Amino acid sequence: MGFKRSPPPFLSVANRTNRQIARGLLGANFASAGSGILDTTGDSIVAMSKQVEQFATLRCNISACIGKEAADTVLSRSLFLISTGGNDIFAFFSANSTPTAAQKQMFTANLVSQYKSHVKALFGLGARKLAVIDVPPIGCCPYPRSLHPLGACIDVLNELTRGLNKGVKDAMHGLSVSLGGLKYSIGSSHAVVQSIMKHPQRLGFKEVTTACCGSGKFNGKSGCTPNATLCDNRHEYLFWDLLHPTHATSKLAAAAIYNGSLHFAAPVNFRQLAEDQC
């Protein structure tokens, strides 16, 4: 997109004057590791509802610097990247690893409802272009695999993921109809990871089940600590640690979602969304 680096964390610039940010030219990162769609997900995190409040603060700062009308114009042309949901599913699974069909449906419906609330709040604050990244098949991460007696993917996690992704897809389409001016793209990390697992060597990968760094079965029993087992060819691995992708995986996903076909991003890709000036 032309930036030398990702936007700075909001909390690192919240109490400082940054002319580029105040003029709406640089952006800010509100993400909080371990957080989710629900306020109850994660410990010692900034919940997504709070992240939206922090954006409201930044919006006020931009308006004070360049005026409300100019701020509205800048924000309407800005890209709002949202990537969340996996932590909510893991938290639900940790509390109930064998949920009933009704429990899964109720949980997913609640997640989608909260997701819609966050999107509506962002829209009310001036967001018009939403770049959404869906949840990959997290049941196939090294950690869940390490829990399975046969080392297979955990089906319930992937089922919940598919339910959330479909719910968000339907919700975003509905909101784009009901909220005049809202445009969106859903980038499918789910489709990217599935493609890598299906055709690893074709895409430059040799290991799609075991993490590069960790310990125990599939290197999925613990995180990447100083005492962990470390591979010497991480670019050939799908997973870096028990839950997270390698740089090689993320780079491939970024290329597919930003500039790829409808299989990886729809109804338009992220590049088309970013360049849309209407």
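A brief look at the structure comes next. The model shown is predicted, which means the values in this text are computed figures rather than measured ones. (Residues numbered from 1 in each chain as written. Predicted model: local features only at pLDDT ≥ 70, side-chain atom pairs only at ≥ 80, totals over all residues. Heavy atoms only, no water.)

Overview of the nonpolar core
Okay, step 1: Core analysis: the biggest nonpolar cluster contains 57 residues, and I89, L130, L164 and M172 have the highest contact counts within it.
Okay, step 2: Apart from the residues lying within four places of it in its own chain, the contact partners of L164 are I37, G85, I89, T108, L111, V112 and V135.
Okay, step 3: A131, I133, I257 and F270 belong to the second-largest nonpolar core, a separate cluster that totals five residues. (Core = buried A, V, L, I, M, F, W, Y, C linked by side-chain atoms within 4.5 Å. Buried < 20%, exposed > 50% of the residue type's maximum accessible area, 1.4 Å probe, protein only. Contact = heavy atoms within 4.5 Å.)

With respect to the side chain of D241
Okay, step 1: Within the secondary structure, D241 is located in the loop between β5 (229–230) and α10 (247–259).
Okay, step 2: No salt bridge is formed by the buried D241. Its closest oppositely charged neighbour is R234, at 12 Å.
Okay, step 3: At 2.7 Å, the side chain of D241 and the backbone nitrogen of H244 are in polar contact.
Okay, step 4: Excluding anything up to four places from it in sequence, D241 contacts P142, A211, C213 and C224. (Helix = DSSP H or I, 4+ residues; strand = E, 2+ residues; numbered from the N terminus. Lys, Arg positive; Asp, Glu negative; His and termini not counted. Salt bridge = Lys/Arg side-chain N within 4 Å of Asp/Glu carboxyl O. Polar contact = N/O pair within 3.5 Å; in protein donor to acceptor, adjacent residues only side chain to side chain.)

A look at the pattern of salt bridges
Okay, step 1: Tallied over the full model, the rule gives eight salt bridges.
Okay, step 2: The closest approach of N and O atoms between K104 and E159, which form a salt bridge, is 3.0 Å. One end of the pair, K104, is in helix α6 (residues 101–124); the other, E159, is in helix α8 (residues 155–178), and 55 residues separate them in sequence.
Okay, step 3: Bridged by salt links that share partners, the residues R59, K68 and D72 form one connected network.

Here's the deal with the environment of L130
Okay, step 1: Structurally, L130 is set in strand β2 (residues 129–133).
Okay, step 2: With relative accessibility at 0%, the residue L130 sits in the buried group.
Okay, step 3: Here the alpha-carbon distance between L130 and C140, two residues 10 residues apart in the chain, equals 27 Å.
Okay, step 4: In this structure L130 touches F80, I82, V119, M172, L182, K183, Y184, S185 and L273, once residues within four positions along its chain are discounted.

Here's the deal with the pairing of strand β1 (residues 79–83)
Okay, step 1: Only one face of β1 is covered, namely the one carrying F80 and I82; the face carrying L79, L81 and S83 has none of its residues buried.
Okay, step 2: Pairing geometry for β1 and β2, over five bridges, is parallel. Its bridge partner being in β2, L79 is matched across the sheet by K129. (Pairing = 2+ DSSP bridges.)

Focus: empty space enclosed by the protein
Okay, step 1: Taken as a whole, this structure holds one cavity of 30 Å³ or more when the rule is applied.
Okay, step 2: If you add up the space inside the largest cavity, you get close to 50 Å³.
Okay, step 3: For the lining of the largest cavity, the secondary-structure elements that each account for two or more residues are β2 and α8.
Okay, step 4: In terms of residue count, the dominant contributor to the lining of the largest cavity is α8 (three residues).
Okay, step 5: A breakdown of the residues in the lining of the largest cavity according to their chemical character gives seven nonpolar, two polar and one charged. (1 Å grid on protein atoms, 1.4 Å probe; cavity = no way out; pocket = protein on both sides within 12 Å on 5 of 7 lines; lining within 4 Å. Points joined across faces, edges and corners; volume = space filled by probe spheres on them. Nonpolar A, V, L, I, M, F, W, Y, C, P; charged D, E, K, R; others polar.)

A short note on α10
Okay, step 1: With 13 residues, α10 extends 18 Å from end C-alpha to end C-alpha; this agrees with the ideal 18 Å at 1.5 Å per step.
Okay, step 2: Those residues of α10 lying buried are T249, A253, A256 and I257. Down the axis of α10, the smallest arc covering the buried residues is 90°, so these residues share one side. Every exposed residue of α10 that faces more than 90 degrees away from the buried side is listed here: H247 and K251.
Okay, step 3: On its buried face, α10 is in contact with β3 (183–187), α9 (189–198), β6 (265–266) and α11 (270–275). (Expected span 1.5 Å × (residues − 1). Arc of directions from axis to C-beta.)

Function cannot be inferred from these measures alone, as they are strictly geometric.
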